[in-house]
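# Topology and contacts: notes
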Amino acid sequence: NNSLVKRLGIKHHSWAKYFFYRVYQDTLNLQFQNVVPKYHFLCMNNQARYHRCYFMDQLHKHNLQSYGKISWHKLATYDRYKWQYWNPKLLHFDSQPLGSDINATRYILPKEWYETAFNIVTETDINKTFFTEKTVMPLLIGKPFLVLGAPRFHLQLLRMGFKLYDDIFDYSFDDEGKLFDRTAGIIRNLNILKDLQPAELYDICKDKIEHNRKNAIRLAKMRIPKIYTNYINSLNQV
């Protein structure tokens, strides 16, 4: 809340590439395995935000849920979304059973990650472009992905030096101003791709996956703001 921050005299510092740094640091010691896709897409959801509810509803409207591996950790939504096509229920991966601490396992990849050709990322904010671990993980670790986020989200990725996976995805929805139109664009992509072999889709993207991984590591290693290092040093002293 900018007005509250100003009233309290708090100075706000923004670190746009924080999650590149954080995910890179937290995944350095992970043992990765090769992706062997059995399913088309992975879609992981924690908080039941309105845009995530709408996307899940549309998946079920078009009977696309069986082509992916989906997690859904919360039933309640503060938006009081009115479901039309899906009766929501908790969905947990076999490797992340019911009751697991999502914060403790945020940077631990479920085995379903390696069984899917690409990710559908339902970002936290759909009104402004901000990269959380949801987007950074497939960039750093190596998966094609589409993002349900703010308008021109994928354009911003291009501006940061990443390559889009336009060999398999149609990004024309990226300019759409309305959530419903951007969601429809992702659904169109899934309807087209569902008839292709998951392994084939992943293989087509391997060169761009490697380029994006190297670029994400480059961003993760860029200069760390001094205010952050001072903060960490003060915690270590305490």
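Here the residue numbers are simple positions, counted from 1 along each chain's written sequence. Predicted model: local features are reported for residues with pLDDT of at least 70 only, side-chain atom pairs are reported and counted for 80 or more only, and whole-chain, interface and lining totals are derived from all residues. Only hydrogens and water are set aside when side-chain values are computed; all heavy atoms of the structure are taken into account.

### Details of the environment of lysine 214
Our working rule: The helix count covers DSSP runs of H or I at least four residues long, the strand count covers runs of E at least two residues long, and both are numbered beginning at the N terminus.
Mapped onto the fold, lysine 214 is located in helix H8 (residues 206-220). Taking the C-alpha atoms as reference points, lysine 214 and alanine 150, 64 residues apart in sequence, are found 25 Å from one another.

### Looking at the sheet that holds strand S1 (residues 39-45)
Here is the rule we go by: Pairs of strands are assigned from DSSP output, requiring at least two bridges between the strands. Lines are fitted to the C-alpha atoms to define the axes, a helix being fitted only along its stretch in contact, and any angle between axes, read from their N-to-C directions, falls within 0 to 180 degrees. Contacts between residues were defined by any pair of non-hydrogen atoms, one from each residue, lying within 4.5 Å.
With parallel pairing, four strands are arranged side by side in an open sheet as S2-S1-S3-S4. A strand with exactly one partner marks an edge of an open sheet, and here the two such strands are strand S2 (68-72) and strand S4 (145-148). In this sheet, adjacent strand axes meet at a mean angle of 20° when their direction is disregarded. The pairing of S1 with S2 spans five bridges and is classified as parallel. Paired with phenylalanine 41 across the bridge in S2 is glycine 68. Contacting S1, S2, strand S3 (116-122) and S4, helix H3 (residues 50-61) runs over the sheet at an angle of about 140° to S2.

### A closer look at the nonpolar core
In plain terms, the rule: Buried Ala, Val, Leu, Ile, Met, Phe, Trp, Tyr and Cys residues that are joined via side-chain atoms within 4.5 Å together make up what is termed a nonpolar core. Remark: exposure states derive from per-residue accessible area (1.4 Å probe, protein chains only) relative to the maximum for the residue type, with buried under 20%, exposed over 50%, and partly exposed in between.
Core analysis: the biggest nonpolar cluster contains 62 residues, and Phe20, Phe55, Leu59, Phe118 and Ile120 have the highest contact counts within it. Not counting residues up to four positions away in its chain, the partners in contact with phenylalanine 55 are Cys43, Ile120, Thr122, Leu148, Thr183, Ile186, Ile187 and Leu190.

### A word on helix H6 (residues 179-193)
The line we're drawing: Each helix should span, by expectation, one fewer than its residue count multiplied by 1.5 Å.
Look at H6: 21 Å from first C-alpha to last across 15 residues, which is about the 21 Å you get at 1.5 Å a residue. Every buried residue of H6 is listed here: Leu179, Arg182, Thr183, Gly185, Ile186, Ile187, Asn189, Leu190 and Leu193. On its buried side, H6 packs onto S1, H3, S3, S4 and helix H7 (198-204).

### Some details on the packing of helix H4 (residues 133-141) against H8
Axes are the key here: two packed helices are described by the angle between their axes and the distance separating the axes. Operational definition: Think of it as three bins: nonpolar holds Ala, Val, Leu, Ile, Met, Phe, Trp, Tyr, Cys and Pro, charged holds Asp, Glu, Lys and Arg, and polar takes everything else, Gly as well.
Interhelical geometry of H4 versus H8 gives an angle of 115° and a closest axis separation of 6 Å. Side by side, H4 and H8 meet where Leu139, Leu140 and Ile141 of the first sit next to Asn212, Arg213, Ala216 and Ile217 of the second. Each residue belonging to the contact of H4 with H8 can be placed in one class, and the counts come to five nonpolar, one polar and one charged.

### A few points about a nonpolar patch on the surface
Under the convention used in this document: For patch detection, residues must exceed 30% relative accessible area and be free of salt bridges, and they are connected within 9 Å for like charges or within 5 Å for nonpolar side chains (Val, Leu, Ile, Met, Phe, Trp, Tyr). Only the protein chains shown count as covering a residue, and every accessible area follows the Shrake-Rupley method with a 1.4 Å probe. We define a salt bridge as a side-chain nitrogen of Lys or Arg found within 4 Å of a carboxyl oxygen belonging to Asp or Glu.
Taken together, the side chains of Leu4, Leu8 and Ile10 define a hydrophobic patch exposed on the protein surface, amounting to about 280 Å² of accessible area. Turning to its location among the elements, isoleucine 10 is positioned in the loop between helix H1 (2-7) and helix H2 (18-27).

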